[in-house]
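Fold and geometry: a report
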Amino acid sequence: MPQPSHDTLMTVGQIASRAGISVPTLRYYEERGLVHSERAAGNQRRYKRLTLRRLAVIAAGQRVGLSLEEVKAALDDLPVGRAPSQADWTAMSRQWAGLVAQRIRELKVLETSLEGCIGCGCLSVERCSLMNAGDAAAGEGSGSRWLRRARREAAGTP
């Protein structure tokens, strides 16, 4: 029996089932531009079989803690009409290794900060680095100031 080609079209349900994801997840990935479909008669979505490789790359990126935006950036460098090759994967994994290493450095800084805070036990408004008297941290912008500090320290900037 001949093997199906990468251009073989599959339904939404078929591709989702083969990839081990839900149909709404597949549609979400398509809305975000991570995968692409064609339209059949009746405006039904059809996905090329090669989409399974792209979905495997998405799953791998998520397993190492990357955001969908980071995965999409890598996929955007690939041609839409073909499955990622071994060379593509090697290039992506090298880039992702750098992102993972950066996250590890950030987490180590956060771990050290938490150990110091939890270990001190002071809970003092005057001395505690967690306190934010007068909302002084508002000037630093939105989000966790601990995470911003960890990112700066991991990058080697004050």
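Rules used throughout
Residues numbered from 1 in each chain as written. Predicted model: local features only at pLDDT ≥ 70, side-chain atom pairs only at ≥ 80, totals over all residues. Heavy atoms only, no water. Axes fitted to C-alpha atoms, helices over the stretch in contact; angles between N-to-C directions. Helix = DSSP H or I, 4+ residues; strand = E, 2+ residues; numbered from the N terminus. Parallel < 35°, antiparallel > 145°, perpendicular 65-115°, else oblique. Left-handed = near helix turned anticlockwise from the far one by under 90°. Contact = heavy atoms within 4.5 Å. Nonpolar A, V, L, I, M, F, W, Y, C, P; charged D, E, K, R; others polar. Expected span 1.5 Å × (residues − 1). Salt bridge = Lys/Arg side-chain N within 4 Å of Asp/Glu carboxyl O. Buried < 20%, exposed > 50% of the residue type's maximum accessible area, 1.4 Å probe, protein only.

1. Description of the packing of helix α1 (residues 12-19) against helix α3 (residues 51-63)
Interhelical geometry of α1 versus α3 gives an angle of 45° and a closest axis separation of 10 Å. Taken together, α1 and α3 sit at an angle that is classed as oblique. Here α1 and α3 pass one another in a crossing that is right-handed. Residue-level contacts link Ile 15, Arg 18 and Ala 19 of α1 to Thr 51, Leu 52 and Leu 55 of α3. For the contact of α1 with α3, the class distribution of residues is four nonpolar, one polar and one charged.

2. Quick notes on α3
For α3, spanning 13 residues, the distance from its first C-alpha to its last is 18 Å, which sits close to the expected 18 Å at 1.5 Å a residue. With its phi angle positive at about 90°, Gly 65 sits one or two positions after the end of α3.

3. Observations concerning the pattern of salt bridges
All chains considered together, the criterion is met by five salt bridges. Among the salt bridges present, the one from Lys 72 reaches Asp 76, with a minimum N-O distance of 2.8 Å. In this pair, Lys 72 and Asp 76 are both assigned in helix α4 (residues 68-76), four residues apart and thus about one turn of the helix distant. Among the residues examined, Lys 72 registers a relative accessible area of 25% and is labelled partly exposed.

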